[in-house]
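These are the residues of each chain, in order.
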Amino acid sequence: MSAASMQMTEDQFLCSICLDVFTDPVAIPCGHNFCKACITQHWNVNVPSQCPNCKEVFYTRPELKVNTFISEMAAQFRQSAQQKASSSSSEQQAAKPGEVPCDVCTGTKLKALKSCLVCLDSYCETHLEPHLTRSGLKRHQLIDPVENLEGRMCTKHDKLLELFCKTDQTCVCMLCTVLDHKNHDVVPLKEEYEGKKAELGKTDDEIQQMIQKRRLKIQEIKHSVELSEEDADREIAGGVQVFTALKESVERSQAELIDTIKEKQRKTEKQAEGFIEELEQEICELKKRSTEVEQLSRSEDHLHLLQSFRTLKAAPPTKNWTGVRVSPPSYEGTVVRAVTQLEETLSNQMKKLVEVELKRVQQSAVDVTLDPETAHPDLILSDDGKQVKHGNVKKNLPDNPERFDTFVNVLAKQSFSSGRFYYEVQVKGKTGWDLGVVRESINRKGYIPLSPQEGFWTIWLRNQNEYSALAGPPVRLSLKSRPQKVGVFVDYEEGLVSFHDVDAAALIYSFTGCCFTEKLYPFFSPCNNASGKNSAPLIISPVNHTE
């Protein structure tokens, strides 16, 4: 209620206990006025009797009588205020569902603008006025309107929850700190609020960072998908081109084969047509002579027959057809030669594809060095960790868990648990070697069967020219040439381990459908030196991308 339009001030007619216009106002000996019911209830609770405003104590409870003058003035003020509130309420908004209503309004509840943590009431614009103008009420803590203000009171002591017990992590009132939370670490609610708010700010910063990281990860994944789509499109285009060329080669070879066979057939038919034409010509000539002979033979004139016989045409010359034959053309080897030519074409195309594949896997080249902590004591490693060979003297090395103790094997220092990687090893001059990748948990002591089931994906050379893939059981490999440098490629997610003859740009063998769940380590074995016959080292070579 605004006091600007009235001669009487609002403070003169408000009870400082109920904060409303006096009802049955009474004056106590110190001169302060209160509603009779308000001061009576206050003194019933608080002993001895004391003035709520000036704190003067009355050891004998004063007798209370209604001040009729103030009562009449308060009634007039109330009536005027109600008229003022009635006119102003039409300008203010009624509280809608979900909004906090004013606790003082009668009839239509207006929308509250603030809630008071001291009075535990919410006020509309009109009823909020005393808290903005009266000096005593200005000290009350106002907050944005909230419901259930009773929930901000201590249920045990009916006091405002204005402190926070850090020991028990709960909100408490002043009496709680003296009774239930004595000697606990208690701070003002605002202090804990600011601390928690700072924590929330830090937490929100962390959450925002996590969100940003995930957004970046989404972008990364989307970019990977885009790259994958590009790779797929490029692979499809390349595949279509290759198979189109193969299809054209097959169709061309088929057409050439058909043309060859048909050409032979045409030559046979032409030869037969020549023979038939010649025979039909002879038949025609012989028929003419037969007609003459027949006519002459029917003559009854002896002289005429004898005279005509001498002039009878001699028999036309004829060919001896006894040895003449039309033999079907021989097609022996025609199809075989066509298929052989096609096979050569396919082989050349396959070589080109392998070269392209080798170029592609070489893009995943990594730097690999040997780990001396895993090397068998008989092995000699170069200082740069790029070469290994079998020596004749067993070194005295600690038998740590990582070291191979029976077979002359060694692992790389580097491990891989995702993505693709590729490295090359020179095997020139050797009669035996093992190469591949192994999982981290392989057995390194005693007898070790090399197979995927035991965690080994390897190939080897034995007896100079016996190559095998140790697929469990081993698979003998038939190679057109002896590899001088072997490339090893792994696609972890795809479950692929492939071996390549680098110089010949040929695929040696591929393990497919592998299931990797551990770290993978490059694996090397130069094998025993065989009295010097296999003394050449295995050399990890830098990758020179094929042109």
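Further up the page is the structure itself.
Residues numbered from 1 in each chain as written. Predicted model: local features only at pLDDT ≥ 70, side-chain atom pairs only at ≥ 80, totals over all residues. Heavy atoms only, no water.

Can you explain the nonpolar core? Please cite residues and give values.
By size, the foremost hydrophobic cluster in this structure holds 37 residues, and its most contacted members are W433 and F524. If near-sequence neighbours (up to four positions away) are discounted, F524 is found in contact with V368, L370, V408, N409, V410, A412, Y423, V425, D434, L435, L538 and I540. In this structure, V26, F34, W43 and L64 belong to the second largest nonpolar core, which totals 18 residues. (Core = buried A, V, L, I, M, F, W, Y, C linked by side-chain atoms within 4.5 Å. Buried < 20%, exposed > 50% of the residue type's maximum accessible area, 1.4 Å probe, protein only. Contact = heavy atoms within 4.5 Å.)

Please set out the packing of aromatic side chains residue by residue, giving values where relevant.
All told, the structure shown has twelve aromatic pairs when counted by the stated rule. For the pair F456 and F523, a centre-to-centre distance of 5.7 Å together with 85° between the ring planes defines the contact as edge-to-face. You can see F456 sitting in strand β16 (residues 456-462) and its partner F523 sitting in strand β22 (residues 520-525), a full 67 residues away along the chain. Taking relative accessible area as the criterion, F456 reaches 1% and is therefore assigned buried. The buried category is assigned to F523, whose relative accessible area is 0%. When the centroid spacing of 6.2 Å and the interplanar angle of 70° are considered together, the rings of F499 and F511 count as edge-to-face. Taken together, the residues span a long stretch of sequence, with F499 in strand β20 (residues 496-501) and F511 in strand β21 (residues 506-511) at a distance of twelve residues. (Phe/Tyr/Trp six-rings, centres within 6.5 Å; stacked < 30°, edge-to-face > 60°. Helix = DSSP H or I, 4+ residues; strand = E, 2+ residues; numbered from the N terminus.)

Break down the pairing of β22 for me, with residues and values.
Burial of β22 is extensive: six of the six residues sit out of reach of the surface. A two-sided burial pattern is seen for β22, the buried positions comprising L520, P522 and F524 on one face and Y521, F523 and S525 on the other. With six bridges connecting them, strand β15 (residues 433-439) and β22 associate as antiparallel partners. When the bridges of β22 are listed, D434 appears paired with S525. (Pairing = 2+ DSSP bridges.)

Describe the pairing of β20, with residues and values.
Burial runs high along β20: five of the six residues are buried. Judged from the six bridges that link them, strand β19 (residues 485-491) and β20 form a sheet pairing that is antiparallel. Bridge pairing in β20 places V490 opposite V497. The turn linking β19 back onto β20 is made up of four residues, and G495 within it adopts a positive phi angle of 70°. Of the pairings in the sheet, the one linking β20 to β21 comprises five bridges and is antiparallel in character.

Describe a negative patch on the surface, naming the residues involved and giving the relevant values.
Judged by side-chain charge, E226, E229, E230 and D233 come together as a negatively charged surface patch. Structurally, the position occupied by E226 is in helix α6 (residues 189-297). Its relative accessible area of 44% is what places E226 among the partly exposed residues. (Patch = residues over 30% accessible without salt bridge, like charges linked within 9 Å, V, L, I, M, F, W, Y side chains within 5 Å. Areas by Shrake-Rupley, 256 points an atom, 1.4 Å probe, with all protein chains shown as cover. Salt bridge = Lys/Arg side-chain N within 4 Å of Asp/Glu carboxyl O. Lys, Arg positive; Asp, Glu negative; His and termini not counted. Charge placed at Lys NZ, Arg CZ, Asp CG, Glu CD.)

Can you break down the sheet that holds strand β9 (residues 170-172) residue by residue, with the values?
Read across the sheet, three strands follow the order β9-β8-β10 without closing on themselves; strand pairing throughout is antiparallel. Two strands close off the open sheet at either side, each with one partner strand: β9 and β10 (186-188). Strand-to-strand twist in this sheet, taken as the mean axis angle between neighbours without regard to direction, amounts to 35°. Sheet topology note: the strand β8 (residues 163-165)/β10 ladder contains three bridges and is antiparallel. Bridging from a neighbouring strand, L163 pairs with P188 of β10. Running over the sheet, α6 touches β8, β9 and β10 and is turned about 85° from β10. (Axes fitted to C-alpha atoms, helices over the stretch in contact; angles between N-to-C directions.)

Hey, could you go over the side chain of H157 for me, with residue numbers and the actual values?
Here H157 is to be found in the loop between β7 (142-143) and β8. Residue classification places H157 among the buried residues on the basis of a relative accessible area of 16%.

Outline the pattern of salt bridges, listing residues and values.
In total, this model carries 15 salt bridges according to the counting rule given. Of the charged contacts, one joins D491 and R420 as a salt bridge, the two residues approaching to 3.1 Å between their closest N and O atoms. In this pair, D491 sits in strand β19 while R420 sits in strand β14 (residues 420-426), placing the two residues 71 residues apart along the sequence. Since its relative accessible area comes to 52%, R420 is described here as exposed. The partner of D434 in a salt bridge is R462, with the nearest N and O atoms 2.8 Å apart.

Functional significance is not addressed by these values, which are geometric in nature.
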